[in-house]
Amino acid sequence: MNTPRIACKVCGCEEFISRLNRYDVYEHQEGKLVFVQSELVNEPLELFCRACSNPLEFNTDAMQF
């Protein structure tokens, strides 16, 4: 069985990056900003071509973590 190729429709690149889905929390402690924690943003996953930034249309069934 042939596995379908997942590639950018614009440039053909097969490497993708996600939109940032977290933010870091800092607090003031004794005159310094101190990292407290990272929190995830409750947004759907979006992927973009690493080479040209074109959005990738994909089915989440094609995802492997």
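Remember, predicted model here, so these are calculated numbers, not experimental data. (Residues numbered from 1 in each chain as written. Predicted model: local features only at pLDDT ≥ 70, side-chain atom pairs only at ≥ 80, totals over all residues. Heavy atoms only, no water.)

(A) Quick look at the overall build of the chain. If you tally the helices and strands in the chain, you get zero helices and four strands. Moving toward the C terminus, one meets the helices and strands of the chain in the order β-β-β-β. For 65 residues, the compact-globule estimate of 2.2 N^0.38 gives 11 Å, and the C-alpha radius of gyration of the chain, at 17 Å, exceeds that figure by more than 25%. Counting only C-alpha atoms, the chain reaches 60 × 25 × 15 Å along its principal axes. Within the chain, buried positions represent 9% of all 65 residues. Counted over contacts in the chain with a minimum sequence separation of 6, partners at least 24 positions apart contribute 42%. When the 6 basic and 10 acidic side-chain charges of the chain are each reduced to a single mean position, those positions are 8 Å apart. (Helix = DSSP H or I, 4+ residues; strand = E, 2+ residues; numbered from the N terminus. Rg over C-alpha atoms; globule rule 2.2 N^0.38 Å. Buried < 20%, exposed > 50% of the residue type's maximum accessible area, 1.4 Å probe, protein only. Contact = heavy atoms within 4.5 Å. Lys, Arg positive; Asp, Glu negative; His and termini not counted. Charge placed at Lys NZ, Arg CZ, Asp CG, Glu CD.)

(B) Quick peek at the pairing of strand S2 (residues 22-29). Of the strand pairs in this sheet, S2 and strand S3 (residues 32-40) are connected by eight bridges, and their pairing is antiparallel. Within S3, the residue paired with His-28 across the bridge is Leu-33. Where S2 folds back onto S3 in an antiparallel hairpin, the turn is made up of two residues, including Glu-30, whose phi is positive at roughly 50°. (Pairing = 2+ DSSP bridges.)

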